[in-house]
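Each chain, written out:
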Amino acid sequence: MSSIWSSRLPVLALSAVAVLLAGCASTPQPAARVPVKVFVAAMFEIGQNTGDRAGEFQHWYERYWKGATPINVPGAMQPVYCNADGVCGAVLGMGKVNSSASMQAILLHPKFDFSKTYYVLSGVAGTPPSRGTIGEVNWATWLVDYDLGHRWAPEENKPGEPTFMPRKGYEEYRRFKLNPELVGWAMTLSADTPLKDSESARAYRLRYPQAAARRAPFVGTGTHMTGDTFFHGPGMSNQAQYIAKLYGADDYAITEMEAAAITLVIKRTHGSDRVMSLRGAVNFDQGNPRETTLQHLDPAPGETAGGFAETVENIALVGTRVVDHIVANWPQWHDGVPALKR
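Given the structure is predicted, the values throughout are model-derived calculations rather than measurements.

J.: Just checking my understanding: could you explain the overall build of the chain for this structure?
T.: In terms of helices and strands, the chain carries ten helices and 13 strands. Computed over the C-alpha atoms, the radius of gyration of the chain is 25 Å, more than 25% above the 20 Å expected from 2.2 N^0.38 for a compact globule of 342 residues. With respect to the three principal axes, the spread of C-alpha positions in the chain is 105 × 45 × 45 Å. For the chain, with 342 residues in total, the buried portion stands at 50%. Of the roughly 16,400 Å² of accessible surface on the chain, 57% is carried by carbon and sulfur atoms. In the chain, the 32 positive side-chain charges and the 32 negative ones have mean positions that sit 6 Å from each other.

Set out below in structure tokens:
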């Protein structure tokens, strides 16, 4: 018996190897990761991604991902779309928790390689009439969290004094100074972008006496104030400016609800040197001198600011200039923001 088994051992060994090789051949191999060069984040869309009224995502989608296969990511609000050039994007959801949860899920998904990615956090926003206008597009120099701190009612304070105090311990995530060299590139590439405007927006601006509010749409920079609260009125606007200056940031120019939270998630995972925040103003953060804050916040039919359709198009017109430049010159951008010749 031993001699028979001995003669069969080579055959059995070869059979075992064959089975192992067959098993290896049938085992699915990990899919190649997508090297993401630029990730575009929008916060909401109206209806479909194409063919209807455009929200924050549609113009981006139609330029880069029309017909692309959606990539579902557990934990993210909407699928991610990518093209062959390494430009990816998704709708993250509105508000700090919603958007940052989606961003975290996408960053950790094994399908994507975000090690060299540039980010464009894109959406609509409000602006104070002393600094901006309807239809303008603004690149953030700073992101400041409006909510972190102590607040109390104005009637419980001395007249005219601030009703906000920063809370200790929030220093590392209540403000972010975005890469000045990257902001400089963004302005160099997009400042002269021809922007859309509308008759309704032009008429609406004339309700305001401020020179900035009456301007035609332009491309600018400033501090973007992130707050889950849709704050409104001159008092709240003044408080936003007070917080911006208290934190050593530039003048408050844009009010939005997501960018600081998303940037914190990106910073903890890959750093924030490649983050850009791009917003288009579709409303003023306060009423004109002839209306109350409540009247402006809850306007009568026909009393809203015009220019929404034009603004969401302007955002994409400005932003795609930067995205296209980075992708077209990837060897110069791969390892970091190149020096900007001034």
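J.: I'm lost on the packing of aromatic side chains in this one. Help?
T.: Geometry of an aromatic ring pair is reported as the spacing of the ring centres plus the angle between the planes. In this structure the tally under the stated criterion is 18 aromatic pairs. Where Phe57 meets Trp65, the ring centres are 5.4 Å apart and the plane angle is 15 degrees; that geometry is what we call stacked. You can call Phe57 buried: its relative accessible area is 1%. Taking the relative accessible area as the measure of exposure, Trp65 reaches 0% and is therefore buried. Seen in terms of ring centroids, Phe231 and Tyr252 are 6.2 Å apart; in terms of plane orientation they differ by 55 degrees. Their pairing is tilted. Placement of the pair is Phe231 in the loop between strand S11 (219-226) and helix H6 (234-246) and Tyr252 in strand S12 (residues 252-256), with a sequence separation of 21 residues. One exposure class covers both Phe231 and Tyr252, and it is buried. In this structure, Arg151 is placed above the aromatic ring of Tyr146, and the distance from its NZ or CZ to the ring centre is 4.0 Å. Arg215 extends its terminal NZ or CZ atom over the ring of Phe218, reaching a point 3.7 Å from the ring centre.

J.: Hey, could you run me through the pairing of strand S2 (residues 38-42) in this one?
T.: Within a regular strand, the side chains alternate between the two sheet faces. The element S2 is largely enclosed, with a buried count of five among its five residues. Here S2 shows two buried faces, one formed by Val38, Val40 and Ala42 and the other by Phe39 and Ala41. Inspection of the sheet shows S2 paired to strand S6 (residues 118-127) by four bridges, in the parallel sense. For Phe39, the partnering residue across the bridge sits in S6 and is Tyr119.

J.: Help me understand the environment of Leu108, please; the structure alone is not making it clear to me.
T.: For Leu108, the location among the structural elements is in helix H3 (residues 96-108). You can call Leu108 exposed: its relative accessible area is 58%. With 25 residues separating them along the chain, Leu108 and Thr133 place their C-alpha atoms 38 Å apart.

J.: Is there a simple way to think about the nonpolar core in this case?
T.: Nonpolar side chains in soluble globular proteins tend to end up buried together. Counting residues in each nonpolar core, the largest one holds 39 residues, and the members touching the most others are Trp60, Trp65 and Val323. Element by element, the count of residues in this core is highest for helix H9 (residues 308-328), at eight residues. For Trp65, the contacting residues outside a window of four places in its chain are Val40, Phe57, Trp60, Tyr81, Cys82, Asn83, Val87, Cys88 and Gly89. Formed by 33 residues, the second largest nonpolar core is a distinct cluster that contains Leu92, Leu107, Ala140 and Val275.

J.: It is not clear to me how helix H4 (residues 180-190) should be interpreted in this structure. Could you clarify?
T.: Residue pairs three or four apart in sequence face the same way in an α-helix, which turns once every 3.6 residues. Here H4 has its buried residues at Leu182, Val183, Gly184, Trp185, Ala186, Leu189 and Ser190. Turning to H4, the residues buried within the fold contact S6, strand S7 (137-145), S11, strand S13 (275-284), H9 and helix H10 (330-333). A distance of 3.0 Å separates the backbone nitrogen of Glu181 from a side-chain oxygen at the start of H4, and that oxygen is part of Asn179.

J.: Explain the pattern of salt bridges to me, please; I cannot follow it from the model alone.
T.: As a working rule, side chains carrying opposite charge can pair if their charged atoms are close by. Following the criterion strictly, the structure yields 13 salt bridges and no others. In this structure, Asp324 and Arg63 form a salt bridge, with 2.4 Å as the shortest nitrogen-oxygen distance. Here Asp324 is found in helix H9, whereas its partner Arg63 is found in helix H2 (residues 58-64), with 261 residues between them in sequence. Given a relative accessible area of 27%, Asp324 falls into the partly exposed group. Among the ionic pairs, Lys245 bridges to Asp251, the shortest N-O distance being 3.5 Å.

J.: Would you mind showing me how to read the state of the cysteines here?
T.: A disulfide bridge is the covalent bond that connects two cysteines by way of their sulfur atoms. Scanning the model with the defined rule gives one disulfide in all. Paired by a disulfide, Cys82 and Cys88 hold their sulfur atoms 2.1 Å apart. Of note, the bridge from Cys82 to Cys88 carries an S-S torsion of about 110 degrees and is right-handed in sense. Comparing Cys82 with Cys88 shows no difference in burial state: the two are buried.

What counts and what doesn't
Residues numbered from 1 in each chain as written. Predicted model: local features only at pLDDT ≥ 70, side-chain atom pairs only at ≥ 80, totals over all residues. Heavy atoms only, no water. Helix = DSSP H or I, 4+ residues; strand = E, 2+ residues; numbered from the N terminus. Rg over C-alpha atoms; globule rule 2.2 N^0.38 Å. Buried < 20%, exposed > 50% of the residue type's maximum accessible area, 1.4 Å probe, protein only. Areas by Shrake-Rupley, 256 points an atom, 1.4 Å probe, with all protein chains shown as cover. Lys, Arg positive; Asp, Glu negative; His and termini not counted. Charge placed at Lys NZ, Arg CZ, Asp CG, Glu CD. Phe/Tyr/Trp six-rings, centres within 6.5 Å; stacked < 30°, edge-to-face > 60°. Lys NZ or Arg CZ within 6 Å of the ring centre and 35° of its normal. Pairing = 2+ DSSP bridges. Core = buried A, V, L, I, M, F, W, Y, C linked by side-chain atoms within 4.5 Å. Contact = heavy atoms within 4.5 Å. Polar contact = N/O pair within 3.5 Å; in protein donor to acceptor, adjacent residues only side chain to side chain. Salt bridge = Lys/Arg side-chain N within 4 Å of Asp/Glu carboxyl O. Disulfide = S-S within 2.5 Å.

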